[in-house]
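In case you want the letters, here they are:
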Amino acid sequence: QQKVQQSPESLTVSEGAMASLNCTFSDGTSDNFRWYRQHSGKGLEVLVSIFSDGEKEEGRFTAHLNRASLHVSLHIREPQPSDSAVYLCAMSVSNTDKVVFGTGTRLQVSP
Amino acid sequence: DAGVTQTPRHEVAEKGQTIILKCEPVSGHNDLFWYRQTKIQGLELLSYFRSKSLMEDGGAFKDRFKAEMLNSSFSTLKIQPTEPKDSAVYLCASSPGLGEDTQYFGPGTRLLVL
């Protein structure tokens, strides 16, 4: 059964400093990976979708995927207090509709 | 404790039909979300209720998608009329709210529109 481990559980960074979040997944049978953000009291919003090894940038958000090391990361450039939220990585399992979510990282960006 | 339940698990509809999907949130949860999930787009928020009040109605999905929450333990999502592009998995999630944001997802309803 596929699993996704997310780290750290919580992270505090200063405004303008790079924030880095990580996910390690249990095997490579996945179509794609996504990073979602959830602000308090809001639904999930997609930040970045990445389908192949390498890097994918969407504005200030950059995802890195390395299937060989079973690792996907999210880097937030110049984070702002409004980026304070819970960040979830999600793995789409090949040949199924199944999506496995990580446990989330609570990011706090201090002014 | 029962988690989020959704029915039916699978639905096949012809173009133009009306379908209603059902969701029962975790007992005691204040927030309820409806999402559409596809391989290409990932999760897209359709509706969000807080204490049975509609807080967000998903913008682009307004015209044919209508979610209702008649009581705190039951919600429906109506798609009328259905189109082939609506084929997707529809997920319902609930969270305690009141500062506790973790969303608990149901198993989803897989919809195929022919």
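Residues numbered from 1 in each chain as written. Chains lettered and ligands numbered in written order. Predicted model: local features only at pLDDT ≥ 70, side-chain atom pairs only at ≥ 80, totals over all residues. Heavy atoms only, no water.

## Thoughts on the overall build of chain A
Moving on, step 1. When helices and strands are counted, chain A shows 0 helices and 11 strands.
Moving on, step 2. When its helices and strands are written in sequence order, chain A yields β-β-β-β-β-β-β-β-β-β-β.
Moving on, step 3. Computed over its C-alpha atoms, the radius of gyration of chain A comes to 13 Å, within 12% of the 13 Å expected for a compact globule of 111 residues.
Moving on, step 4. The dimensions of chain A, computed from C-alpha atoms along their principal axes, are 45 × 30 × 20 Å.
Moving on, step 5. In chain A, which comprises 111 residues, the share counted as buried stands at 45%.
Moving on, step 6. At a minimum sequence separation of 6, the contacts of chain A that also span at least 24 residues come to 56%.
Moving on, step 7. On chain A, roughly 5200 Å² of surface is accessible, and the fraction owed to carbon and sulfur atoms is 47%.
Moving on, step 8. Positive and negative charge centroids in chain A, built from 10 and 12 side chains respectively, lie 5 Å apart. (Helix = DSSP H or I, 4+ residues; strand = E, 2+ residues; numbered from the N terminus. Rg over C-alpha atoms; globule rule 2.2 N^0.38 Å. Buried < 20%, exposed > 50% of the residue type's maximum accessible area, 1.4 Å probe, protein only. Contact = heavy atoms within 4.5 Å. Areas by Shrake-Rupley, 256 points an atom, 1.4 Å probe, with all protein chains shown as cover. Lys, Arg positive; Asp, Glu negative; His and termini not counted. Charge placed at Lys NZ, Arg CZ, Asp CG, Glu CD.)

## Some remarks on the sheet that holds strand β8 (residues 71-76) of chain A
All names here are of chain A.
Moving on, step 1. Reading across from one edge, β1-β3-β8-β7-β6 is the order of the 5 strands in this open sheet, with antiparallel pairing throughout. With partners counted over all chains shown, the strands left at the sheet margins are β1 (4-7) and β6 (54-58), one partner each. Strand-to-strand twist in this sheet, taken as the mean axis angle between neighbours without regard to direction, amounts to 15°. (Pairing = 2+ DSSP bridges. Axes fitted to C-alpha atoms, helices over the stretch in contact; angles between N-to-C directions.)

## Some details on the packing of aromatic side chains
Moving on, step 1. According to the stated counting rule, one finds 7 aromatic pairs over all chains in the structure shown.
Moving on, step 2. Centroid distance A:Phe101 to B:Phe105: 5.4 Å. Interplanar angle 10°. Geometry classified as stacked. Linking A:Phe101 in strand β10 (residues 99-101) with B:Phe105 in strand β10 (residues 104-105), this pair reaches from one chain into another.
Moving on, step 3. Taking the centre distance of 4.6 Å and the plane angle of 5° together, the rings of B:Phe33 and B:Tyr48 count as stacked. Remark: B:Tyr48 occurs in strand β5 (residues 42-50) and B:Phe33 occurs in strand β4 (residues 31-38); sequence separation between them is 15 residues. (Phe/Tyr/Trp six-rings, centres within 6.5 Å; stacked < 30°, edge-to-face > 60°.)

## A closer look at the interface of chain B and chain A
Moving on, step 1. Between chain B and chain A, the residue contacts involve 18 residues of the former and 21 residues of the latter.
Moving on, step 2. Taking both sides of the interface into account, the surface hidden between chain B and chain A amounts to around 1400 Å²; carbon and sulfur atoms contribute 43%.
Moving on, step 3. When residues of chain B are sorted by the area they lose upon contact with chain A, B:Lys39, B:Leu43 and B:Asp101 head the list and together hold 43% of the total.
Moving on, step 4. Counting the contacts that link chain B with chain A gives 0 salt bridges.
Moving on, step 5. At the surface where chain B touches chain A, the tally comes to 2 residue pairs in polar contact (both at pLDDT 80 or more).
Moving on, step 6. For the side of chain B that touches chain A, the secondary-structure elements that each account for two or more residues are β4 and β5 of chain B. (Buried area = accessible area lost by both parts, 1.4 Å probe. Salt bridge = Lys/Arg side-chain N within 4 Å of Asp/Glu carboxyl O. Polar contact = N/O pair within 3.5 Å; in protein donor to acceptor, adjacent residues only side chain to side chain.)

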